[in-house]
Amino acid sequence: ESDLSGLYRKQVARESFVVVTGEHSHFDDCNLDLEAYMNAKHGKFSFAEPTRGKVDAALEQMGLRRDVHILLPTFLQIPAFLNDPELLFSVPENFGFYLQKQFKIKLLPIPFKVAPIPIYLYWHERLHASPLHRWLREQILSVKAQALI
């Protein structure tokens, strides 16, 4: 794909959402339904505060709004708050897997339908025809394709 800004892009994945909470949380995949989710305290990361993400958009379509207690400027700060057993973070699935490998947490399915996030590989038009850059793009796409097999 190309647009007028001089950038090319190729979608390489679609990322689903999961819920992350501390290991001592009373939430689990048996009791985290929509009602429990809505009654919980939430943490959220947003690079720009007024940004409404996919999770909030899905809730808004159902006429719902979650109770966000903590607004973080980056997702990298989430681990510092996972010791609160009442706090839930809705995060992209692969970030949830990363957190699960690094910390003692619970990774739970999100209890409602949320549109996945498209993940793109971007490059500038001045590098579009570069053999080296084309090779690198092909390697990245090849690794992603193998991961899906």
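Since the structure is predicted, the reported quantities are computational estimates derived from the model, not experimental observations. (Residues numbered from 1 in each chain as written. Predicted model: local features only at pLDDT ≥ 70, side-chain atom pairs only at ≥ 80, totals over all residues. Heavy atoms only, no water.)

Caption draft 1: Structural view of the pattern of salt bridges. Summed over all chains, the structure comprises 3 salt bridges. K41 is the salt-bridge partner of D84, the closest N and O atoms lying 3.0 Å from each other. Taken as a pair, D84 in the loop between strand 4 (67-72) and strand 5 (87-92) and K41 in strand 3 (residues 41-45) lie far apart in primary sequence, 43 residues in all. For D84, a relative accessible area of 22% puts it in the partly exposed group. Judged by its relative accessible area of 27%, K41 falls in the partly exposed class. Connected through shared salt-bridge partners, K44, D56 and R66 make up one network. (Salt bridge = Lys/Arg side-chain N within 4 Å of Asp/Glu carboxyl O. Helix = DSSP H or I, 4+ residues; strand = E, 2+ residues; numbered from the N terminus. Buried < 20%, exposed > 50% of the residue type's maximum accessible area, 1.4 Å probe, protein only.)

Caption draft 2: Main features of the nonpolar core. By size, the foremost hydrophobic cluster in this structure holds 16 residues, and its most contacted members are L32, Y37, V55, I110 and F112. Counting only elements with at least two residues in this core, the list comes to strand 2 (17-22), helix 1 (34-39) and helix 2 (54-61). Listed in part, the 12 residues of the second largest apolar core include V20, L72, L82 and L87. (Core = buried A, V, L, I, M, F, W, Y, C linked by side-chain atoms within 4.5 Å.)

Caption draft 3: How the structure looks around the environment of T21. Among the structural elements, T21 can be located in strand 2. When its relative accessible area of 0% is taken as the criterion, T21 is described as buried. Residues T21 and V55, spaced 34 residues apart in sequence, show a C-alpha to C-alpha distance of 16 Å. Once residues within four sequence positions are removed from consideration, T21 is found in contact with L82, D84, P85, L87, L88, I105, K106 and L108. A polar contact of 2.9 Å, which involves the side chain of T21, links it to the backbone oxygen of L87. (Contact = heavy atoms within 4.5 Å. Polar contact = N/O pair within 3.5 Å; in protein donor to acceptor, adjacent residues only side chain to side chain.)

Caption draft 4: How the structure looks around the sheet that holds strand 5. The strand order across the open sheet formed by 5 strands is 4-3-5-2-6, and the pairing between neighbours is mixed. One side of each edge strand has no neighbouring strand; the edge strands of this open sheet are strand 4 and strand 6 (105-109). Looking at each pair of strands side by side, their axes are set apart by 35° on average, direction ignored. As defined by bridge partners, strand 2 adjoins strand 5 across 4 bridges and the pair is classed as antiparallel. Across the sheet, the residue bridging to V20 is F89, located in strand 5. In this fold helix 3 (residues 93-102) packs onto strand 2, strand 5 and strand 6, with an angle of close to 120° to the strand it touches most, strand 5. (Pairing = 2+ DSSP bridges. Axes fitted to C-alpha atoms, helices over the stretch in contact; angles between N-to-C directions.)

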